[in-house]
Amino acid sequence: DQQVKQNSPSLSVQEGRISILNCDYTNSMFDYFLWYKKYPAEGPTFLISISSIKDKNEDGRFTVFLNKSAKHLSLHIVPSQPGDSAVYFCAASGDSWGKLQFGSGTQVVVTP
Amino acid sequence: EADIYQTPRYLVIGTGKKITLECSQTMGHDKMYWYQQDPGMELHLIHYSYGVNSTEKGDLSSESTVSRIRTEHFPLTLESARPSHTSQYLCASSPNLPTRHEQFFGPGTRLTVL
């Protein structure tokens, strides 16, 4: 049973606008959440993370929001750039060993 | 920036062959992981290690095996490759920090078994 879900397989956004990616989880034991970006034929690259003691974390153009009561997190990218076109994976961890559960990814296409 | 390497990047091989996918990291990370990923799907953890001589099976059952004789090296072996093993294999490592769980990934090996 998939514990981390990204229900939008794809997202198209204009350059300069905001990209909003969503992720839902079912396991209430998850206490650390991450976003990764992946280009074809490459490994995922870590983008940003958030601990469950926070509800927002910001790093440059990337902001992650966590709503624990709804078991939902989102990634905002603003402004979107053509180089942001990639697959974005949401991941969650709930044990001290740091094992991650991944969502199935959202393909983002940024158009000029 | 993480330095983690995987070889080969691409491998096309016939059924029944034995293969070893190499993974090395230069950060001195204790934790290392192997994931399997198919297009449009999530990454599935197949093996992990918390240090030398420590290996565990992940959430997804796999016919592959791993070893961890040195901190920096975590190879994955398939004794007899089959077409069902066709996939992308991703290696990752992370430092042993209890409050942070970022994993750093290698570039992956795209395996095709004919």
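Procedures and definitions
Residues numbered from 1 in each chain as written. Chains lettered and ligands numbered in written order. Predicted model: local features only at pLDDT ≥ 70, side-chain atom pairs only at ≥ 80, totals over all residues. Heavy atoms only, no water. Salt bridge = Lys/Arg side-chain N within 4 Å of Asp/Glu carboxyl O. Helix = DSSP H or I, 4+ residues; strand = E, 2+ residues; numbered from the N terminus. Core = buried A, V, L, I, M, F, W, Y, C linked by side-chain atoms within 4.5 Å. Buried < 20%, exposed > 50% of the residue type's maximum accessible area, 1.4 Å probe, protein only. Contact = heavy atoms within 4.5 Å. Disulfide = S-S within 2.5 Å. pLDDT = per-residue confidence, 0-100. Buried area = accessible area lost by both parts, 1.4 Å probe. Nonpolar A, V, L, I, M, F, W, Y, C, P; charged D, E, K, R; others polar. Pairing = 2+ DSSP bridges.

Asker: Would you mind going over the pattern of salt bridges in detail, with residue names and values included?
Answerer: Once the charged atoms of two side chains with opposite charge are near each other, the side chains can pair. Summed over all chains, the structure comprises 5 salt bridges over all chains. The shortest N-O distance in the salt bridge between Asp84 of chain A and Arg61 of chain A comes to 2.8 Å. Taken together, the residues span a long stretch of sequence, with Asp84 of chain A in the loop between β8 (72-77) and β9 (86-93) and Arg61 of chain A in the loop between β6 (56-59) and β7 (62-67) at a distance of 23 residues. A salt bridge links Arg70 of chain B to Glu72 of chain B; the nearest nitrogen and oxygen atoms lie 3.1 Å apart.

Asker: Outline the nonpolar core, listing residues and values.
Answerer: A general feature of soluble globular proteins is that nonpolar side chains tend to end up buried together. In terms of nonpolar packing, the biggest core is built from 23 residues, with Phe33, Trp35, Leu73, Leu75 and Tyr88 of chain A touching the most fellow members. Put simply, the parts of the chain that give this core at least two residues each are β3 (19-25), β4 (32-38), β5 (45-51), β7, β8, β9 and β11 (106-111) of chain A. Here this core gets 4 residues from one element, more than from any other, and that element is β9 of chain A. In this structure Leu75 of chain A touches Ser19, Ile20, Leu21, Trp35, Leu47, Ile48, Phe62, Thr63 and Tyr88 of chain A, once residues within four positions along its chain are discounted. Core analysis: the second largest hydrophobic core is formed by 17 residues, Ile13, Cys23, Leu76 and Val113 of chain B among them.

Asker: Tell me about the state of the cysteines, residues and numbers included.
Answerer: Considering all chains together, one arrives at 2 disulfides over all chains under this definition. A sulfur-sulfur distance of 2.0 Å marks the disulfide that ties Cys23 of chain A to Cys90 of chain A. In this structure the cystine formed by Cys23 of chain A and Cys90 of chain A twists about its S-S bond by roughly -75°; its chirality is therefore left-handed. Placement of the pair is Cys23 of chain A in strand β3 and Cys90 of chain A in strand β9, with a sequence separation of 67 residues. Accessibility classification places Cys23 of chain A together with Cys90 of chain A in one group, the buried group. Bridging Cys23 of chain B to Cys91 of chain B, the disulfide has an S-S length of 1.9 Å. Torsion about the S-S bond of the Cys23 of chain B and Cys91 of chain B cystine: about -75°, corresponding to left-handed handedness. Placement of Cys23 of chain B in strand β3 (residues 19-25) and of Cys91 of chain B in strand β9 (residues 87-94) is noted, with a sequence separation of 68 residues between them. Each member of the pair, Cys23 of chain B as well as Cys91 of chain B, is classed as buried.

Asker: Quick one: what's the story with the confidence of the model for chain B, residue by residue and with numbers?
Answerer: Across chain B, pLDDT averages 93, with 98% of residues at or above 70. Considering each helix and strand of chain B separately, the mean pLDDT is smallest for strand β6 (residues 54-57) of chain B, with a value of 92, and largest for β3 of chain B, with 97.

Asker: If you had to explain the interface of chain A and chain B to someone new, which residues and values would you point to?
Answerer: Each side of the interface is counted separately: chain A has 23 residues, and chain B has 24 residues. Of the roughly 1,900 Å² buried where chain A meets chain B, counting both sides, 55% is carbon and sulfur surface. For the pair chain A and chain B, the number of links is 1 salt bridge. Between Lys99 of chain A and Asp59 of chain B there is a salt bridge, with the nearest N and O atoms lying 4.0 Å from each other. Broken down by secondary-structure element, the contributors of at least two residues to the side of chain A that touches chain B are β4, β5, β9 and β10 (100-102) of chain A. Of the residues forming the side of chain A that touches chain B, the biggest block, 4 residues, is contributed by β4 of chain A. Classifying every residue of the side of chain A that touches chain B by side-chain character gives 10 nonpolar, 9 polar and 4 charged.

Asker: Before we move on, can you summarise the pairing of strand β5 (residues 44-51) of chain B with the specific residues and values?
Answerer: Residues and elements named next belong to chain B. By the criterion of burial, β5 is predominantly enclosed, with 7 of the 8 residues buried. The antiparallel hairpin formed by strand β4 (residues 31-37) and β5 contains 6 residues in its connecting segment, where Gly40 sits at a positive phi of about 75°. Two strands pair when backbone bridges link them, and β5 and β6 are joined in this way by 3 bridges, in the antiparallel orientation. Looking across to β6, one finds that His47 is bridged to Lys57. Taking the residues between adjacent antiparallel strands as the criterion, β5 and β6 are bridged by 2 residues, where Asn53 takes a positive phi near 65°.

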